[in-house]
Amino acid sequence: MAAVSRRHVLLRWGLPRDPRAGEHVLGFVLTTVVTIVATRGLLQLTGFPQVGGETLHVAHVLWGGLFMALAMVLALSFAGPVIRPLVAFLGGVGFGLFIDEVGKFLTQDNDYFFQPAPMVMYVTLVALVVLADVLHGRRPPHPSEQLAAAADHAVAGLAGGLSPQRREVARELLRQGSGGRGEKEVEALLAAVPDDHSELPDPLELATRKVRSLLRGVVRGSWTTAVAGALLVLALGGGVVVMLTADDGAPAWSLWAAAASSVLVVAVAARAWTLLGRDRYDAFQWMRRAFTLQLLVTVVGLYRLDPWPATAVMAIALLGLGVVQAEKVRLEQTGQGGVHQA
């Protein structure tokens, strides 16, 4: 009973976390961003056409609701982890089409071009990422959560078998849950699942593989520092251009927020630079903080000033954060880091 009482309340409620939840949420958010950018870009290029004729107006928020409803139906219809990437993708498309029209819901005259709308969208997505980090990044996974995830794979495999890749994932989860209650039973269940090479395509995994392949080409030792530094300088420079070319009517708070946070980003990056010769892993921890600060604060102000250049700055900062994270993983795998805390 003592061991049970020490378990987190979510586990006692029967809510183990999915080890891939962070990937799913990130895939959902990135799909949302791509959908918004594609939608706004297409509408601008085509002159903002209206579907429905003279009487009706079929707004794309309706298609967004349809995609989100489809994602919910799929999530409620199928057991196991296989369906979740597709749910994240379809949900991201739906949420992107939905939130793109947020300006209409915030104004009395249903103004799609409401200037703060892009900033509201971005802040909403940042809040979702922060919420996911609170749920999954603040508390290490319990062995029972890893075993539950391994059993989840086995449940899916009982019906259709497991591909070699998914079986390897399940075995790794089983290893990470070593010592947890039910370990032997989950191991026996996995052993009873037959092999099957057929898999439902994972749209987010395909994109992730492409990104990882790109980053592996970039992350090759010492010149990773130059790549990450160049991306940070490029993002900072883009932000400065947005601030200098902002309209006279731009709110002062957005200029001050973007400018002050940019100065702080430079200070954090300088701290990273001073650590490079002594502790490369810690230096890249500080570099990660610089990119994170830029995404959480600077880009918010930039979106209020000019959404399209702000989107470019965001993309550069995300790429830089990916390079930094890939280098951290490389250092951990080679035994050169991992003992420090973020």
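Since we're looking at a predicted model, the values are computed, not measured.

1. Some thoughts on the overall build of the chain
So, point 1. Check the secondary structure of the chain and you find 15 helices and 0 strands.
So, point 2. When its C-alpha atoms are laid out on the principal axes, the chain stretches across 65 × 65 × 40 Å.
So, point 3. Of all 342 residues assigned to the chain, the portion counted as buried reaches 40%.
So, point 4. A fraction of 76% describes how many contacts in the chain between residues 6 or more apart in sequence connect residues 24 or more apart.
So, point 5. Once the 29 positive and 27 negative side-chain charges of the chain are each reduced to a mean point, those two points are 8 Å apart.

2. A look at the UniProt feature "transmembrane region" (unreviewed entry) in the chain
So, point 1. Following the UniProt record, one finds the feature "transmembrane region" (unreviewed entry) at residues 21–43, 55–75, 82–99, 119–136, 222–246 and 252–274.
So, point 2. Along residues 21–43, the helical share is 100% and the strand share 0%, with 33 Å between the first and last C-alpha atoms.
So, point 3. Helix and strand shares over residues 119–136 are 100% and 0% respectively, and the end C-alpha atoms of the span are 26 Å apart.

3. Quick word on the environment of D133
So, point 1. Note that D133 resides in helix α7 (residues 117–136).
So, point 2. Given a relative accessible area of 34%, D133 falls into the partly exposed group.
So, point 3. Taking the C-alpha atoms as reference points, D133 and P16, separated by 117 residues in sequence, lie 15 Å from one another.
So, point 4. Engagement of the side chain of D133 in a polar contact is seen with the side chain of R138, the distance being 2.9 Å.

4. Some remarks on the nonpolar core
So, point 1. Ranked by internal contacts, the top residues of the largest apolar core, which has 44 residues, are Y122, L232 and L302.
So, point 2. For this core, the secondary-structure elements that each account for two or more residues are α3 (21–45), α5 (84–99), α7, α12 (223–244), α13 (252–275), α14 (280–305) and α15 (307–333).
So, point 3. Considering each element in turn, this core owes the most residues, 11 residues, to α14.
So, point 4. Two domains share this core, each providing at least three of its residues, namely domain 1 (20–137) and domain 3 (220–333).
So, point 5. If we ignore the near neighbours within four places in the chain, the residues touching L232 are V265, A269, M287, A290, F291 and Q294.
So, point 6. Counting residues in each nonpolar core, the second largest holds 11 residues, with A149, A154, L173 and V186 among its members.

5. Regarding the environment of D196
So, point 1. Residue position: D196 is located in the loop between α10 (183–192) and α11 (203–218).
So, point 2. For D196, a relative accessible area of 27% translates into the label partly exposed.
So, point 3. Apart from residues no more than four positions distant in its own chain, D196 is found in contact with G160, G161, L162 and S163.

6. What to know about the packing of helix α8 (residues 143–160) against helix α9 (residues 164–176)
So, point 1. Running from N to C, α8 and α9 point in directions that differ by 155°, and their axes come no closer than 7 Å. With respect to their mutual orientation, α8 and α9 come out roughly antiparallel. Relative to α9, the crossing made by α8 is left-handed. Across the interface between the two elements, Q146, L147, A149, A150 and H153 from α8 touch R166, V169, A170, L173, L174 and Q176 from α9.

7. What about α12?
The periodicity of an α-helix, 3.6 residues per turn, causes residues three or four places apart in sequence to face the same way.
So, point 1. For α12, which comprises 22 residues, the first-to-last C-alpha distance of 31 Å matches the rise-based estimate of 32 Å (1.5 Å per residue) to within 8%.
So, point 2. Among all positions in α12, only T224, T225, V227, A228, L231, L232, A235, L236, G239, V242 and M243 are buried.

8. A short note on α15
So, point 1. When the terminal C-alpha atoms of α15 are compared, their 38 Å separation across 27 residues agrees well with the 39 Å that a helix rising 1.5 Å per residue should span.
So, point 2. All of the buried residues in α15 are A310, T311, V313, M314, A317, G320, V323, V324, E327, K328 and L331.
So, point 3. Positioned one or two residues after α15, G335 has a phi angle of 75°, which is positive.

What counts, and at which threshold
- Residues numbered from 1 in each chain as written.
- Predicted model: local features only at pLDDT ≥ 70, side-chain atom pairs only at ≥ 80, totals over all residues.
- Heavy atoms only, no water.
- Helix = DSSP H or I, 4+ residues; strand = E, 2+ residues; numbered from the N terminus.
- Buried < 20%, exposed > 50% of the residue type's maximum accessible area, 1.4 Å probe, protein only.
- Contact = heavy atoms within 4.5 Å.
- Lys, Arg positive; Asp, Glu negative; His and termini not counted.
- Charge placed at Lys NZ, Arg CZ, Asp CG, Glu CD.
- UniProt positions renumbered as here; feature names shortened; annotations may be inferred.
- Polar contact = N/O pair within 3.5 Å; in protein donor to acceptor, adjacent residues only side chain to side chain.
- Core = buried A, V, L, I, M, F, W, Y, C linked by side-chain atoms within 4.5 Å.
- Domains from an automatic or database assignment.
- Axes fitted to C-alpha atoms, helices over the stretch in contact; angles between N-to-C directions.
- Parallel < 35°, antiparallel > 145°, perpendicular 65-115°, else oblique.
- Left-handed = near helix turned anticlockwise from the far one by under 90°.
- Expected span 1.5 Å × (residues − 1).

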